[in-house]
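# Architecture at a glance
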Amino acid sequence: MTVVPGPARRLLHICYCCDDADAVTAQFVGALGLVGVMSTPLEPSDGAVLGLHGEIVSRARFVVDHRGPRVSPSIEIQEWVSPTVVGWPSVDPFEVGIKAAGFAVASVADAVRRLGRSGCVVGTIDEHGATMVDRRGVTLELVHDPTLPDGQARLHHLRLTVTDLEVSLALYCRLGFEIIDVDAVTSAGAVGGPEAADGRRARLRLPDEPFEFHLYAWDRPRGFGTHYPVANHAGIFRLAVAVDDTHAAVRRLDGSGWRLDRGPMTIALHGTPVADMWIAFLRDPDGIPVELVERPRSAFR
């Protein structure tokens, strides 16, 4: 039987919600060598696009790694003015949701020192990697990659905690992810985790980009809760993936277990070189939001 690939081709961005986009940009640029590529103006807009009622005031800055905007995924650093950002990022590895952003670096020790100067605190560290928490409570993970130049990081992975690994694997594979491997884990390996834990981890990727998704499902302790319910919650709120046709992707995913929140709809990123584009917002059963963005392959190298 021929398996038809899912509609998603690559990660476009992860959304980091905060109260000061300039300060967060400076952290990623100064400590990890990322590059700012574009920003949207601070202006009012319709909150319905993000699932909020009434008018909102917000702006976003985008940073990418050394590969550049036509290759690298980006971090969309979204600053909330009205409504203000709410809550605090969860560092509990067993609480369901998007838990951490991971970066490959040439020297873990050097990256830890640079992040420390920007106000990040070390959670765990060894010769293979480190876990840190930045000044706004977001967990950052570092993995060693000797092929990278000194001072330059590459966006490497996103860590998510899910309730049921088999259910999540079926959903994300239907979206377009490929399974790299699935293995047992006996340590949370994260800030706030116990020394011993039992669960499974699946590593996934999309076909056009080596960036990985690490899905963790815990048996001991059991995973609990759901992802942040509102778009202005502090921390990593959502991820966006590129599709060829947003309408076709929504039709294809209908009835597969993904819940359509909003769209398809067209938006413009004012103040940026990105033209109007069709988007839609989905959620998985754990409440993790995924944005589908219509971007042709010609937009990337």
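Residues numbered from 1 in each chain as written. Predicted model: local features only at pLDDT ≥ 70, side-chain atom pairs only at ≥ 80, totals over all residues. Heavy atoms only, no water.

## Quick word on the packing of aromatic side chains
- Evaluated as defined, the whole model comprises eight aromatic pairs.
- Between Tyr-216 and Trp-218 the ring centres are 5.6 Å apart and the planes differ by 20 degrees, which places this aromatic pair in the stacked class.
- Tyr-216 sits in the buried class, given a relative accessible area of 11%.
- With relative accessibility at 2%, the residue Trp-218 sits in the buried group.
- Among the aromatic side chains, those forming a connected cluster through ring pairs are Tyr-172, Phe-177, Phe-211, Phe-213 and Trp-258.
- The ring of Phe-281 carries the charged tip of Arg-262 above its face, separated from the ring centre by 4.3 Å. (Phe/Tyr/Trp six-rings, centres within 6.5 Å; stacked < 30°, edge-to-face > 60°. Buried < 20%, exposed > 50% of the residue type's maximum accessible area, 1.4 Å probe, protein only. Lys NZ or Arg CZ within 6 Å of the ring centre and 35° of its normal.)

## Notes on unusual backbone geometry
- A cis amide bond links Ser-82 to the next residue, Pro-83, at an omega of -5 degrees.
- You can see Pro-83 is positioned in the loop between strand S5 (74-82) and strand S6 (97-105).
- Cis peptide bonds are those with omega within 30 degrees of zero, and the linkage from Gly-263 to Pro-264 qualifies with 0 degrees.
- Counting through the fold element by element, Pro-264 comes out in strand S15 (residues 259-267). (Helix = DSSP H or I, 4+ residues; strand = E, 2+ residues; numbered from the N terminus.)

## A word on the environment of Gly-102
- Along the chain, the position of Gly-102 falls in strand S6.
- Along the primary structure Gly-102 and Thr-131 are separated by 29 residues, whereas in three dimensions their C-alpha atoms are 8.9 Å apart.
- Excluding residues that lie within four positions of it along the chain, Gly-102 makes contacts with Glu-141, Arg-154, Leu-155, His-156 and His-157. (Contact = heavy atoms within 4.5 Å.)

## Here's the deal with the pairing of strand S14 (residues 235-243)
- In terms of burial, S14 is a largely internal element, nine of the nine residues being buried.
- The pairing of strand S1 (residues 8-18) with S14 spans eight bridges and is classified as antiparallel. From the neighbouring strand, Leu-11 faces S14, where its bridge partner is Val-241.
- Here S14 runs beside strand S17 (residues 289-294); their pairing, made up of five bridges, is parallel. Looking at the pairing, Val-241 lines up with Leu-292 of S17. (Pairing = 2+ DSSP bridges.)

## Quick notes on helix H1 (residues 21-32)
- Look at H1: 16 Å from first C-alpha to last across 12 residues, which is about the 16 Å you get at 1.5 Å a residue.
- Within H1, the full set of buried residues consists of Ala-21, Val-24, Thr-25, Gln-27, Phe-28, Ala-31 and Leu-32. The buried side chains of H1 occupy one side of the element, clustering within an arc of 165 degrees when seen end-on.
- Of the residues flanking the start of H1, the one acting as N-cap is Asp-20, its side-chain oxygen 3.2 Å from the backbone nitrogen of Asp-22. (Expected span 1.5 Å × (residues − 1). Arc of directions from axis to C-beta. Polar contact = N/O pair within 3.5 Å; in protein donor to acceptor, adjacent residues only side chain to side chain.)

## Concerning the packing of H1 against helix H2 (residues 108-117)
- Where H1 meets H2, the closest approach of the two axes is 9 Å, and the angle between their N-to-C directions is 145 degrees. At the point where H1 passes H2, the crossing takes the right-handed sense. Residues Gln-27, Gly-30, Ala-31 and Leu-32 of H1 lie in contact with H2, whose contacting residues are Ala-111, Arg-114 and Leu-115.
- Class assignment for the residues of the contact of H1 with H2 results in four nonpolar, two polar and one charged. (Axes fitted to C-alpha atoms, helices over the stretch in contact; angles between N-to-C directions. Left-handed = near helix turned anticlockwise from the far one by under 90°. Nonpolar A, V, L, I, M, F, W, Y, C, P; charged D, E, K, R; others polar.)

## Considering helix H3 (residues 165-175)
- Those residues of H3 lying buried are Leu-165, Ser-168, Leu-169, Leu-171, Tyr-172 and Leu-175. The buried side chains of H3 occupy one side of the element, clustering within an arc of 170 degrees when seen end-on.
- Capping the start of H3 is the job of one residue whose side-chain oxygen sits 3.1 Å from the backbone nitrogen of Glu-166: Asp-164.
- At the C-terminal side of H3, Gly-176 shows a positive phi close to 135 degrees.

## A word on the side chain of Glu-76
- Tracing the chain through its elements places Glu-76 in strand S5.
- A relative accessible area of 8% means that Glu-76 is categorised as buried.
- A polar contact is formed between the side chain of Glu-76 and the side chain of His-13, at a distance of 3.0 Å.
- Once residues lying within four places of it in the same chain are set aside, the contact partners of Glu-76 are His-13, Ile-14, Cys-15, Tyr-16, Ala-60, Arg-61, Phe-62 and Arg-238.

## Notes on the nonpolar core
- Counting 59 residues, the largest nonpolar core has Phe-28 and Phe-103 as its most contacted members.
- Look past the residues within four positions of Phe-28 in its chain and what remains in contact with it is Tyr-16, Gly-33, Leu-34, Val-63, Ile-75, Ile-77, Phe-103 and Leu-140.
- Of all hydrophobic cores here, the second largest spans 20 residues; its members include Leu-12, Leu-52, Ala-240 and Ile-279. (Core = buried A, V, L, I, M, F, W, Y, C linked by side-chain atoms within 4.5 Å.)

## Regarding the sheet that holds strand S8 (residues 129-133)
- Strands sit in the order S7-S8-S9-S6-S10-S13-S12-S11 across an open sheet of eight strands; the sheet is mixed. In this open sheet, the two strands that pair with only one neighbour each are strand S7 (121-125) and strand S11 (178-185). Neighbouring strand axes in the sheet, compared pairwise and without regard to direction, differ in orientation by 25 degrees on average.
- Relative to strand S13 (residues 209-220), strand S10 (residues 153-161) runs parallel, the two sharing five bridges. The residue bridging Thr-161 from the neighbouring strand is Tyr-216, located in S13.

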